[in-house]
Amino acid sequence: MRSRNRRWLPLLVAVTGAVALLVPLAGASSAKTPTRVNTWAPAGTASVHPGVMTNSPSGQCTANFVYTDSAGNTYLGQAAHCTSTGGQTDTNGCEADSLPNGTLVEIDGAAHPGVMVYNSWNAMKAAGETNPDVCQYNDLALLRLDPADVANTNPSIPFWGGPNGVNTAGTVAGDKVYSYGNSSLRFGVTQLSPKSGTSLGTDANGWDHTVYTATPGIPGDSGSAFLDAQGRALGILSTLQVAPMPGGNGVGDVSREVAYAAAHGISGLQITNGTVAFSGGTSVLGLIKLPL
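Since we're looking at a predicted model, the values are computed, not measured.

Caption draft 1: Fine view of the state of the cysteines. Counting across every chain of the model gives 2 disulfides. Here Cys61 is linked by a disulfide to Cys82, with a sulfur-sulfur distance of 2.0 Å. Between Cys61 and Cys82 the disulfide shows an S-S torsion of about -105°. By sign, it is left-handed. Taken together, the positions of Cys61 in strand β4 (residues 59-62) and Cys82 in the loop between β6 (74-78) and β7 (104-107) put the pair 21 residues apart, joining distant regions of the chain.

The following block contains the structure:
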């Protein structure tokens, strides 16, 4: 396990455009995701999908994956810290405060706000969680979509396609990773949203992956989905690392975050596969994509 003596910067951006300081925001196997019976909106016309912006009273983030549960609900994921009410150095999800479950969160492209029905920070405090790795890196919130918006939803990751399963074994140094961030700080230059890069491997007993991408995640990209080299769901963007090497990002392990949510109130939670096939490659400032 690598040292956890790292310095972090936030990836939450306030709705007004000012950065809210939340420091930190903290060969793999795959678990197959069951096929959804319902028909999703076409990827090319869906208004709700991974990569859209979410806007809570605390600030703006980027949505990660689409999720479903055994009760038939559909969710859009964001980072738990996106609804933080704590101070600049409140970094431990077992201690930091969040807006309560039931908070309404605006979702770009949706006609109705999503209802935050699960937040890992709230769940960990309610459960009395003490595992330091879980407290530091479990950073998932679920926004339940209105049925009218589900009809306009597609689970595919923009530009890359996928996910096509879930990575449950982590990464090793040098593994390729892919993401899509949509921060408003890019001023609408969507060519900068797709990112590819490499992982430095998994630490924190499987709960964290440090990655380097071009371009790095920036404030407002918080919560972005990360895929592995096979297009499987890998993690959720939480932090910007500034030491020991600048430009890295901390990515929470989504397989563990989903399992925690399923064990703490969201029965049968699963990540939904994309309808567009994953097409990996290399994004240079988001401008080109080359085959592996």
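Caption draft 2: Representation of the side chain of Ser238. Summarising the element assignment, Ser238 is placed in strand β15 (residues 233-243). Here Ser238 falls in the buried class, since its relative accessible area comes to 3%. A distance of 2.8 Å separates the side chain of Ser238 from the side chain of Asp139, its partner in a polar contact.

Caption draft 3: Expanded view of the pairing of β6. Judged by how many residues are buried, β6 sits mostly within the fold: 5 of 5 residues are covered. Burial along β6 is two-sided: Thr74, Leu76 and Gln78 and Tyr75 and Gly77, pointing in opposite directions, are all buried. Direction of pairing for strand β5 (residues 66-68) relative to β6: antiparallel, over a ladder of 3 bridges. Following the sheet pairing, Tyr67 is matched in β6 by Tyr75. The loop that links β5 with its antiparallel partner β6 comprises 5 residues; one of these, Gly72, has a positive phi angle of about 90°.

Caption draft 4: Spatial organisation of the pattern of salt bridges. One pass over the full model with this rule turns up 3 salt bridges. Residue Asp221 is joined to Lys195 by a salt bridge in which the shortest nitrogen-to-oxygen separation is 3.7 Å. Taken together, the positions of Asp221 in the loop between β13 (208-214) and β14 (225-228) and Lys195 in strand β12 (residues 194-203) put the pair 26 residues apart, joining distant regions of the chain. Judged on exposure class, the residue Asp221 and its partner Lys195 are both buried. Here Arg256 and Asp253 are joined by a salt bridge, their closest N and O atoms 3.3 Å apart. Relative accessible area serves as the criterion here: at 26%, Arg256 is assigned to the partly exposed category.

Calculation notes
Residues numbered from 1 in each chain as written. Predicted model: local features only at pLDDT ≥ 70, side-chain atom pairs only at ≥ 80, totals over all residues. Heavy atoms only, no water. Disulfide = S-S within 2.5 Å. Helix = DSSP H or I, 4+ residues; strand = E, 2+ residues; numbered from the N terminus. Buried < 20%, exposed > 50% of the residue type's maximum accessible area, 1.4 Å probe, protein only. Polar contact = N/O pair within 3.5 Å; in protein donor to acceptor, adjacent residues only side chain to side chain. Pairing = 2+ DSSP bridges. Salt bridge = Lys/Arg side-chain N within 4 Å of Asp/Glu carboxyl O.

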